[in-house]
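Structure assessment
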Amino acid sequence: MRIKIGVIGLGYVGLPLARLFATKYSVVGFDINQTRVDDLNQGIDHTLEVDSAMLKAVLSNEPLTENGLFCSTAIDSIKDCNYYVVTVPTPVDRNNRPDLTPLYKSSETVAKVLKKGDIVIYESTVYPGVTEEECVPVLEKISGLKFNEDFFAGYSPERINPGDKEHTVDKILKVTAGSTPEIGIKVNELYQSVITAGTHLAPTIKVAEAAKVIENSQRDINIAFVNELAKIFNILNIDTQAVLEAAGTKWNFLPFKPGLVGGHCIGVDPYYLAQKAQEAGYHPEIILAGRRMNDSMGDYVASQVVKLMIKKNITVNKAKLLMLGITFKENCPDVRNTKIVDVIRALADYGIAVSIYDPWANPAEVKHEYNLITSTELKDEKYDGVVLGVAHNEFLSLDFDKLKKEKAIVYDVKGILTTQADGKL
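Just so it is clear, the model here is predicted, and its values are computed rather than measured.

So, on to the packing of helix α9 (residues 269–279) against helix α10 (residues 285–295). Between α9 and α10, the least distance of the axes is 10 Å, while the angle of their chain directions is 145°. As α9 runs across α10, the sense of the crossing is left-handed. Touching Pro270, Tyr271, Leu273, Ala274 and Gln278 of α9 are Ile287, Leu288, Arg291 and Asp295, all from α10. Residue composition of the contact of α9 with α10, grouped by class: 6 nonpolar, 1 polar and 2 charged.

Spatial strand order, β3-β2-β1-β4-β5-β6-β7-β8: 8 strands in an open sheet with mixed pairing. Every other strand in the sheet has two partners, leaving β3 (68–72) and β8 (199–201) as the edge strands with one partner each. Across the sheet, the mean angle separating the axes of adjacent strands is 20° when strand polarity is ignored. By the bridge criterion, 4 bridges tie strand β5 (residues 119–122) to strand β6 (residues 152–155) in an arrangement that is parallel.

Sheet topology places strand β9 (residues 320–324) next to strand β10 (residues 353–357); 5 bridges connect them, and they run parallel. Note on β10: the bridge partner recorded for Leu321 is Val354. With helix α12 (residues 340–349) bridging β9 and its parallel neighbour β10, the resulting β-α-β unit is right-handed. In terms of strand pairing, β10 meets strand β11 (residues 374–375) through 2 bridges, oriented parallel. Within the sheet, the bridge partner assigned to Ile356 lies in β11 and is Thr374.

On to helix α2 (residues 34–41), then. Along α2, the residues that are buried comprise Arg36, Val37, Asp39 and Leu40. Taken around the axis of α2, the buried residues stretch over an arc of 160°, which confines them to a single face. If you follow the buried residues of α2, they end up packed against α1 (14–21), α3 (52–58) and β3. The N-terminus of α2 is capped by Asn33, whose side-chain oxygen sits 3.0 Å from the backbone nitrogen of Thr35.

You can see Arg219 is positioned in helix α7 (residues 205–235). Here Arg219 falls in the partly exposed class, since its relative accessible area comes to 37%. Expressed as a C-alpha distance, the spacing of Arg219 and Ile266, which sit 47 residues apart in the sequence, is 7.0 Å. In contact with Arg219, other than residues within four places in its own chain, are Phe256 and Ile266.

Before going further, it helps to examine the pattern of salt bridges. Enumeration over the complete set of coordinates arrives at 15 salt bridges. In this structure, Glu133 and Lys276 form a salt bridge, with 3.5 Å as the shortest nitrogen-oxygen distance. With Glu133 in helix α5 (residues 130–143) and Lys276 in helix α9, the pair connects residues that are 143 residues apart, well separated along the chain. Salt-bridge contacts for Asp295 lead to Lys339; the nearest nitrogen and oxygen are separated by 3.6 Å. Placement of Asp295 in helix α10 and of Lys339 in the loop between β9 and α12 is noted, with a sequence separation of 44 residues between them. Classification of Lys339 by relative accessible area gives buried; the value is 13%.

The sites that carry the UniProt feature "domain: UDP-glucose/GDP-mannose dehydrogenase C-terminal" (unreviewed entry) are, in the present numbering, residues 322–419. The span residues 322–419 is 22% helix and 26% strand, and its two end C-alpha atoms sit 18 Å from each other.

Domain parsing of the chain yields domain 1 (4–203) and domain 2 (269–424). On a C-alpha basis, the centres of domain 1 and domain 2 stand 33 Å from each other. Each partner contributes to the interface: domain 1 provides 20 residues, whereas domain 2 provides 16 residues. Contact with domain 2 buries area across many residues of domain 1, yet Tyr12, Tyr127 and Pro162 alone supply 35% of it, more than any other trio. Here domain 1 and domain 2 share 1 salt bridge between them. Between domain 1 and domain 2 we count 5 residue pairs in polar contact (both at pLDDT 80 or more) in total. Partitioning the side of domain 1 that touches domain 2 into residue classes produces 10 nonpolar, 7 polar and 3 charged.

Parameters and conventions
- Residues numbered from 1 in each chain as written.
- Predicted model: local features only at pLDDT ≥ 70, side-chain atom pairs only at ≥ 80, totals over all residues.
- Heavy atoms only, no water.
- Axes fitted to C-alpha atoms, helices over the stretch in contact; angles between N-to-C directions.
- Helix = DSSP H or I, 4+ residues; strand = E, 2+ residues; numbered from the N terminus.
- Left-handed = near helix turned anticlockwise from the far one by under 90°.
- Contact = heavy atoms within 4.5 Å.
- Nonpolar A, V, L, I, M, F, W, Y, C, P; charged D, E, K, R; others polar.
- Pairing = 2+ DSSP bridges.
- Right-handed = clockwise from strand over helix to strand, strands pointing away.
- Buried < 20%, exposed > 50% of the residue type's maximum accessible area, 1.4 Å probe, protein only.
- Arc of directions from axis to C-beta.
- Polar contact = N/O pair within 3.5 Å; in protein donor to acceptor, adjacent residues only side chain to side chain.
- Salt bridge = Lys/Arg side-chain N within 4 Å of Asp/Glu carboxyl O.
- UniProt positions renumbered as here; feature names shortened; annotations may be inferred.
- Domains from an automatic or database assignment.
- Buried area = accessible area lost by both parts, 1.4 Å probe.

So this is what it looks like as structure tokens:
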């Protein structure tokens, strides 16, 4: 039987995967955002994960029987697929509890077209058990089909690193799993056919789910540790970067740096693992302590900026400050769960007027997500303070003297400025 793949969700994860699969298979990319689909059909990817030439090379204006990618918002376009790959976001709510709504909704969509023999693969980061205990019941209820008899499930967690042009989806080893040993082999072979870095077949879906969620939890805890070190060394008047550089000369020292931990993965995934642990009656101490530390860093950075301003006799209330960058990481337009927003709001609480300059961020998206005004062009203005929040390449060559008033301060969140900074994390 010829493989036809439906990729559900065409964001940072789904589009690169759909494009890759389309080099060998007939692929339908499904998304509920008509504007997004219209842009993709013109070869435009505003996430900048897939360049226009690569996208246009696989695009088709109509459903395909041969290799290629057809993008659509119509559910009928995916009805004859036999593999469905779900790549929707898994956020947390305002109380940091997992929000599985996108998974439920996408499972409902797939269930409406699910047929006997089909395989539904989930890529979204979740806590162990979500695929089989939360998503599969939705598939069964709406389709009327029986799990592991009429249809099957798989799990292969995404490992996309937004903005990274070196570690693209095909060059990152893929963990795979299936709801039965036979389906596990089928899922593994599907990914193995396009992932040049290779695959690792996990024994069960729950093992694969757990493996993904601890990847980011491990990074979160390590960053929390160096964030705490930064707070300690700042009190002791010791250069944190110099300490880490010296310690890093040991072969097995882990090279983590202090910073703001945002984005759709590291700042979110530990809450998924913590939720499942608490449901099982265990209160995770280290995981949640790391989260508390990292979530506190926005307020900490703001307080350090204000202290520097006070030391220079700058009137804090109504001071004008320039924030360089609002995306969650450098050289990437992704603003999801960016912790720069925490710094901006904390500074505003001190009465500081913050202007935001980010050539990568979409102003409309920032306005919609955070109700903040951003500019993609640098204004000809001088400020009482400048904060380097994101290490975009464009910021490395800036003349900070042209941005500063006579006794202004410069604070370097990323620790990349040499002589211009009055303070750094």
